[in-house]
Amino acid sequence: MTLFQRIMGAIIAFGILIFIAVGYLNFNSLNSYINDQLGINARHTANSLGLSLKSVVDTEDLSMAQTMINSMFDSGYYQMIRLDDVDGKVLIESREKLVVDDVPEWFFKVAKLNAPIENSEIMTGWTKFGTLYVQSSTGRAYYELYTGMIGILGTLVSIFLVMILCVYLVVKLILSEPLDKMQKQAEAILEHKFITQDKIPSATDLKQMALAMNAMVKKVEDIFEQEKKTLNKNQELLYKDSDSGLYNRRYFQTKFEEYVASEEYSSGAIVLVSFTDLISLKKTLGFERLQSLITKISQTLQDSVNQSKVTSFVARLNDNDFVLLHTGVLSENLRGEIEKINENLREIFSSFDITDQCGLNIAVVDYDHQSDLKTTLTRADVTLVSARSAGNFEYKIFTEGSQAIVLGKEQYRDLITKSMQNDMFKFAAQRVVSDDSDLEHRELYLRLVDDGGKWQMASYFMPMVNELSLSASLDIYVLERVLNMLLNGSLINDTLAINLSKDVINEDENFTRLTAILKKISTASKHKIYIEIPDRDDISVANTAKLIDTLKKHGFGFGFDHFEFNQNSIEKLKEISPNYVKIRAANITDFFKDKDVDESRKSLDVIMNSKGIKIIGIGVENEEQKRRLIELGITSMQGIYIDDTKNIG
């Protein structure tokens, strides 16, 4: 119960007590008053009627006295009028039974009226003729008491309701908004979010509480920001080229190995952009103009990556060579992008008037899950030699030994569509365990059974899926298949993690379908299910937060897959609090492999602990990586050394 509800409850309870007390006092007062009036009325009637009878009573003829008594009795205010002689003999009597309409039976038990019998002696001269007895009617008294109490109660109820309404509005005006904001702020703190109250309440105690909570949140936020800067600084020193601002060779090597070992990103293409002795231009351009040239080249390549529909990045390998890595795409589909890069760089060369002083050629090479970095770069170098022999601003695509499926787009679309319709997509799973081998969850991987019955990895079909923009449809299919397998009991009975792509999150229509299927899965599953999305810059924080709200509503967990140590990724954590982030073990060990890692490790711990986020090391391939992760305090792991990926149907 909220404080506002407690306050209103106390006020209502106190109001009810006052209502009962006032009602009780009014009832007793009215009851006593009517009882007194019954006696007074009977006494006055006895005296006045007695005086009137004195002049007309006759022992031989009582008709006139009878008429006067009946006339008085017929007014309806009396229950009994009786005239006795001096010996107590009844001479005249008018009496009626108590009959009261419109008064409930229970009221007679609550309100007990006693009408006293009053008397008056009738004298004839100096001689006593008899005694007149009068008793007022309690029937009318009961009716008047009942209607009077109903009126009083109605007035009290009206006053009470008006009072409650006024109190509600006043309390709500004074407390409700500040309390609501404090509640939201407290809930945000529990969810490791940093929000402050801009409008401080005027009440002293609430004001102090709001200021204290703001100060606490600001302090945590400042710590987060400071540690984020430390981590970003170390990341830039380790993975950034100081001249171009792009990633360096070390980052390229680390990410290439990560992608090749992954599921979704284990195939793609690299574009090697090579200049001929770029640094020698310093003699003709000077340092500042050369730096400006490198900046423009870097920006052109970065713009190309930003416009790509697939996961991509650009790095500078050395003074003369830049490389673009595109996941889930075939080299043949990059011709348009390469030609645009060539055109833009040619314009830059013209603006600096160095077209005849520096050469530019591009080589494109495919990679897959069986590729290694040395072989891939060797092929790129060989292809680059071929491009240079063709002339300046020429490019070549390496095709020898390519194992890519060569189909038209419509054939690709037909293959993917029929595979979904015929349930040719299957699941494999790999365990995520703690350092004591306790199961945390199993991550589901998608497989495609080809015509030969072989279960193909995601690298076999994801380039087609991305090229045809079918990833959202495939995600919905995966979730529907999970639901059906849960309902028929054919899915492994464990906590699961399911990966989703960016398209199903970024588009409203797909998100509506996603929400509907998640609701059904939450009802069908006996275990917690985690939804993972890739750590991608092209997935907005707003859409991610919207997804997390939906997941929490239906009891799902949330995690970032292939999380990075870069500034954008860390910045997301300020607004979003996933249950966990998955970081490749090789990336972690590379980032913290230097002896002096305490500062970076402390920064990472502060950021993750302040947000309640668990780190899961993935791609663990050997005992050395496992040992190193444990030394760094990372106890949740996944990889072929931990558990083989198993087909589960």
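The rules we used
- Residues numbered from 1 in each chain as written.
- Predicted model: local features only at pLDDT ≥ 70, side-chain atom pairs only at ≥ 80, totals over all residues.
- Heavy atoms only, no water.
- Helix = DSSP H or I, 4+ residues; strand = E, 2+ residues; numbered from the N terminus.
- Rg over C-alpha atoms; globule rule 2.2 N^0.38 Å.
- Buried < 20%, exposed > 50% of the residue type's maximum accessible area, 1.4 Å probe, protein only.
- Contact = heavy atoms within 4.5 Å.
- Areas by Shrake-Rupley, 256 points an atom, 1.4 Å probe, with all protein chains shown as cover.
- Phe/Tyr/Trp six-rings, centres within 6.5 Å; stacked < 30°, edge-to-face > 60°.
- Lys NZ or Arg CZ within 6 Å of the ring centre and 35° of its normal.
- Pairing = 2+ DSSP bridges.
- Axes fitted to C-alpha atoms, helices over the stretch in contact; angles between N-to-C directions.
- Parallel < 35°, antiparallel > 145°, perpendicular 65-115°, else oblique.
- Left-handed = near helix turned anticlockwise from the far one by under 90°.
- Nonpolar A, V, L, I, M, F, W, Y, C, P; charged D, E, K, R; others polar.
- Core = buried A, V, L, I, M, F, W, Y, C linked by side-chain atoms within 4.5 Å.
- Right-handed = clockwise from strand over helix to strand, strands pointing away.

### So, the overall build of the chain
Here's step 1: Within the chain one finds 19 helices and 20 strands.
Here's step 2: Relative to the 2.2 N^0.38 estimate, which gives 26 Å for 649 residues, the radius of gyration of the chain is 46 Å and therefore markedly larger than a compact globule would have.
Here's step 3: C-alpha extents for the chain along the principal axes are approximately 160 × 60 × 50 Å.
Here's step 4: Across the 649 residues that make up the chain, the buried fraction comes to 48%.
Here's step 5: A separation of at least 24 residues holds for 70% of the contacts in the chain among residues at least 6 apart in sequence.
Here's step 6: Summed over its atoms, the accessible surface of the chain is roughly 32,600 Å², and 51% of this surface lies on carbon and sulfur atoms.

### Observations concerning the packing of aromatic side chains
Here's step 1: A full pass over the atoms with the stated rule returns 19 aromatic pairs.
Here's step 2: Here the aromatic rings of Phe425 and Phe461 are separated by 5.2 Å at their centres, their planes lie at 75°, and the arrangement is edge-to-face. Placement of the pair is Phe425 in strand 11 (residues 425-433) and Phe461 in helix 11 (residues 458-467), with a sequence separation of 36 residues. The residues Phe425 and Phe461 share a single accessibility class, namely buried.
Here's step 3: Ring pairs connect the aromatic residues Tyr239, Tyr247, Tyr251, Phe252, Phe256, Tyr259, Tyr265, Phe313, Tyr367, Phe591 and Phe592, which therefore count as one cluster.
Here's step 4: Note that Lys546 overlies the ring of Phe511, its terminal NZ or CZ placed 4.5 Å from the centroid.

### Thoughts on the sheet that holds strand 8 (residues 321-327)
Here's step 1: Here six strands make up an open sheet; going across it, the order is 5-7-8-6-9-10 and the pairing mixed. The open sheet has two edge strands with one neighbour each: strand 5 (247-248) and strand 10 (394-397).
Here's step 2: Bridge count between strand 6 (residues 268-275) and strand 8: seven bridges; the pairing is antiparallel. Pairing of Ile270 across the sheet is with Leu325, part of strand 8.
Here's step 3: Contacts between helix 9 (residues 373-390) and the sheet are confined to strand 6, strand 9 (360-367) and strand 10, with strand 9 contributing the most and set at about 145° to the helix.

### A short note on the packing of helix 12 (residues 471-488) against helix 14 (residues 508-524)
Here's step 1: Running from amino to carboxyl end, helix 12 crosses helix 14 at an angle of 15°, the nearest separation of the two axes being 10 Å. One way to sum up the angle between helix 12 and helix 14 is to call them roughly parallel. Remark: the crossing between helix 12 and helix 14 carries left-handed chirality. On helix 14, the residues that touch Ala472, Ile476, Leu479, Glu480, Val482, Leu483, Leu486 and Leu487 of helix 12 are Asn510, Arg513, Leu514, Ile517, Leu518, Lys520, Ile521 and Ala524.
Here's step 2: Here the contact of helix 12 with helix 14 is built from residues that sort into 12 nonpolar, one polar and three charged.

### Remarks on the nonpolar core
The nonpolar side chains of a soluble globular protein tend to be buried with one another.
Here's step 1: Formed by 98 residues in total, the largest nonpolar core has its most connected members in Phe252 and Phe461.
Here's step 2: Of the residues forming this core, the biggest block, 10 residues, is contributed by helix 12.
Here's step 3: Among all residues touching Phe461, those that are not within four sequence positions of it are Ile416, Phe425, Leu446, Arg447, Leu448, Gln456 and Leu474.
Here's step 4: Leu281, Ile297, Val305 and Ile354 belong to the second largest nonpolar core, which has 34 residues in total.

### Comments concerning the packing of helix 14 against helix 15 (residues 541-553)
Here's step 1: One can describe the packing of helix 14 onto helix 15 by two numbers: an axis separation of 10 Å at closest approach and a directional angle of 20°. One finds that helix 14 runs roughly parallel with respect to helix 15. Helix 14 and helix 15 meet at a crossing whose hand is right-handed. Residue-level inspection shows Asp508, Phe511, Leu514, Thr515 and Leu518 of helix 14 in contact with helix 15, the latter providing Lys546, Leu547, Thr550 and Leu551.

### Focus on the sheet that holds strand 3 (residues 117-124)
Here's step 1: Spatially, four strands are ordered 2-1-4-3 in an open sheet, and the strand pairing comes out antiparallel. Looking at the sheet topology across the chains shown, the edges are occupied by strand 2 (90-95) and strand 3. Neighbour to neighbour, the strand axes of the sheet diverge by 15° on average, direction disregarded.
Here's step 2: Alignment of strand 1 (residues 78-85) against strand 2, held across five bridges, turns out to be antiparallel. Within strand 2, the position partnered with Ile81 by the bridge is Ser94.
Here's step 3: Taken strand by strand, helix 2 (residues 63-73) contacts strand 1, strand 2 and strand 4 (127-136), and its axis lies near 160° from that of strand 1.

### As for the environment of Gly9
Here's step 1: Structurally, the position occupied by Gly9 is in helix 1 (residues 3-54).
Here's step 2: Here Gly9 falls in the partly exposed class, since its relative accessible area comes to 36%.
Here's step 3: For the pair formed by Gly9 and Thr138, sequence separation is 129 residues and the distance between their alpha carbons is 41 Å.

### Remarks on the pairing of strand 18 (residues 614-618)
Here's step 1: Among the five residues of strand 18, four are classified as buried, and the element is accordingly described as predominantly covered.
Here's step 2: Note: strand 17 (residues 580-584) against strand 18, five bridges, orientation parallel. By the bridge assignment for strand 18, Tyr580 is matched with Lys614.
Here's step 3: Sheet topology note: the strand 18/strand 19 (residues 636-637) ladder contains two bridges and is parallel. Bridge pairing in strand 19 links Gly617 to Met637.
Here's step 4: Regarding topology, helix 19 (residues 623-631) serves as the crossover connection from strand 18 to the parallel strand 19, and that connection is right-handed.

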